[in-house]
Amino acid sequence: MNNQQLSVRLETVAGFVPENARLADIGSDHAYLPCVLAARDVISYALAGEVVKGPFESAAEQIRTSGVGDRVSARLGDGMDVIEPTDHINVVTICGMGGDLISKILEKGRLKDKLVGVERLILQPNNGEKKLREWLIAHQYKIIDETILEENGKIYEIIVAEKAETPENYTDLEYSFGRFLLQTKNETFRKKWLSEIDKCQYILDSMQKASNDLNEKEQQVINKINEIKEVLKS
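Reading the values: rules and limits
- Residues numbered from 1 in each chain as written.
- Predicted model: local features only at pLDDT ≥ 70, side-chain atom pairs only at ≥ 80, totals over all residues.
- Heavy atoms only, no water.
- Axes fitted to C-alpha atoms, helices over the stretch in contact; angles between N-to-C directions.
- Helix = DSSP H or I, 4+ residues; strand = E, 2+ residues; numbered from the N terminus.
- Parallel < 35°, antiparallel > 145°, perpendicular 65-115°, else oblique.
- Left-handed = near helix turned anticlockwise from the far one by under 90°.
- Contact = heavy atoms within 4.5 Å.
- Nonpolar A, V, L, I, M, F, W, Y, C, P; charged D, E, K, R; others polar.
- Phe/Tyr/Trp six-rings, centres within 6.5 Å; stacked < 30°, edge-to-face > 60°.
- Buried < 20%, exposed > 50% of the residue type's maximum accessible area, 1.4 Å probe, protein only.
- Lys NZ or Arg CZ within 6 Å of the ring centre and 35° of its normal.
- Pairing = 2+ DSSP bridges.
- Core = buried A, V, L, I, M, F, W, Y, C linked by side-chain atoms within 4.5 Å.
- Right-handed = clockwise from strand over helix to strand, strands pointing away.

Undergrad: Just to check I follow, could you spell out the packing of helix α8 (residues 187-210) against helix α9 (residues 216-233) for this structure?
TA: Packed helices, taken two at a time, are described by their axes: the angle between them and the distance between them. Remark: α8 packs on α9, axes separated minimally by 9 Å, with the N-to-C direction vectors making an angle of 155°. When the axes of α8 and α9 are compared, the pair comes out roughly antiparallel. The two elements α8 and α9 meet at a crossing, and its hand is left-handed. Across from Phe189, Arg190, Trp193, Leu194, Glu196, Ile197, Cys200, Gln201, Ile203, Leu204, Met207 and Gln208 in α8, the residues of α9 making contact are Lys217, Glu218, Val221, Ile222, Lys224, Ile225, Ile228, Lys229, Val231 and Leu232. Of the residues contributing to the contact of α8 with α9, the split by class is 14 nonpolar, 2 polar and 6 charged.

Undergrad: Mind showing me how you'd approach the packing of aromatic side chains here?
TA: When we look at a pair of aromatic rings, we describe it by the centre distance and by the angle of the planes. Summed over all chains, the structure comprises 5 aromatic pairs. Plain terms: the ring middles of Tyr170 and Tyr175 are 5.4 Å apart, the flat faces sit at 45° to each other, and that makes the pair tilted. Aromatic pair Phe189 and Trp193: ring centres 6.5 Å apart, planes at 55°, arrangement tilted. Of this pair, Phe189 and Trp193 both sit in helix α8, 4 residues apart, which is roughly one turn of the helix. With a relative accessible area of 0%, Phe189 lands in the buried category. For Trp193, a relative accessible area of 6% corresponds to the buried category. In this structure an aromatic cluster arises from ring pairing among Phe177, Phe189 and Trp193. For Arg9, the ring lying beneath its charged end belongs to Tyr156, and the centroid distance is 5.5 Å. A cation over a ring is seen here: Lys163 above Tyr141, with NZ or CZ 4.4 Å from the ring centre.

Undergrad: Could you clarify how one ought to interpret the environment of Phe180 in this entry?
TA: Residue placement: Phe180 occurs in helix α7 (residues 179-184). Setting aside anything within four residues of it in sequence, one finds Phe180 in contact with Ile143, Ile144, Asp145 and Glu146.

Undergrad: Any chance you could explain the sheet that holds strand β1 (residues 21-26) here in plain terms?
TA: The strands that make up a sheet pair up through hydrogen bonds in the backbone, lying either parallel or antiparallel. The strand order across the open sheet formed by 7 strands is β3-β2-β1-β4-β5-β7-β6, and the pairing between neighbours is mixed. In this open sheet, the two strands that pair with only one neighbour each are β3 (72-76) and β6 (141-151). Pairwise comparison of adjacent strand axes, ignoring direction, gives a mean angle of 15° for this sheet. This element, helix α2 (residues 32-39), spans β1, β2 (43-50), β3 and β4 (91-97) of the sheet and lies at about 165° to β2. Running at roughly 150° to β4, helix α4 (residues 99-111) makes contact with β1, β4 and β5 (120-125) of the sheet.

Undergrad: Explain the nonpolar core here, please?
TA: Proteins that are soluble and globular tend to have nonpolar side chains buried together. Among the nonpolar cores identified, the biggest contains 29 residues, and Val17, Leu37, Ile43, Ile122 and Ile158 are the most heavily contacted of them. Elements supplying a minimum of two residues to this core: α1 (8-14), β1, α2, β2, α3 (53-66), β4 and β7 (154-163). No other element matches the 5 residues that α2 contributes to this core. Leaving out residues up to four positions away in the same chain, Ile43 has contacts with Val17, Asn20, Ala21, Leu23, Pro34, Leu37, Ala38 and Arg71. Residues Leu106, Leu123, Trp135 and Ile159 belong to the second largest nonpolar core, which totals 28 residues.

Undergrad: For this particular structure, what's the right way to read the pairing of β1?
TA: The element β1 is extensively covered by neighbouring structure, given that 5 of its 6 residues are classed as buried. Of the crossover connections in this fold, the one passing from β1 over α2 to the parallel β2 is right-handed. Examined bridge by bridge, β1 and β4 share 4 bridges and lie parallel to one another. Residue pairing across strands places Ile26 opposite Ile94, the latter belonging to β4.

Undergrad: I'm lost on the pairing of β3 in this one. Help?
TA: Where a strand is regular, its side chains alternate between the two sheet faces. Where β2 meets β3, 5 bridges bridge the pair, whose relative direction is parallel. Counterpart to Glu50 in the pairing with β3 is Leu76. Taken together, β2, α3 and β3 form a β-α-β motif whose crossover is right-handed.

Note that all results are geometric; they support no functional claim without further evidence.
So, in structure tokens, the structure goes:
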């Protein structure tokens, strides 16, 4: 990896990291993101957290070869356990995991006071975006931005949240589709949800082949198809 290059997905995440941030990148994937941000002088400090020894060693090697060891360190530990109060972390990135797993990592971190002082969360779930939005709103975070993009045939959503003084009120549609993404409904958004209709229709067809009677699960799939079609109308 060139010290100044990232994938489109991680480049988009990098764009949400504030200047002079003290960053914890959880599940760091070779520490690419913190290394590039350090090389660009965007961040003042970063730690790359990994739960498995092999990826931890790869992250440590990437930090060494990138020449940013004075500002970036690799740590071996489970989720946000790698964060210490003396790190003064104020931004957390978690990318490339399911929304359910990211929610669990955040919840475990919250219970251990690892989120104290963290001003911004930048999250890129591979799936389960609704679950993640529900966790954020339930724990009094305000989603301040969202984006959706496609890279190498895969579609990714990025959710940026900050601690809020008052709870946000979200509709079920906003949990499922994203408040900001519903406002723009760009081509990538439409592509994702048209593909979801195809998946739901395949499941429904399979169910109907197995039984002529409309059951509760089939009705749920039909409702989901209709909901997506209604969202995509405008």
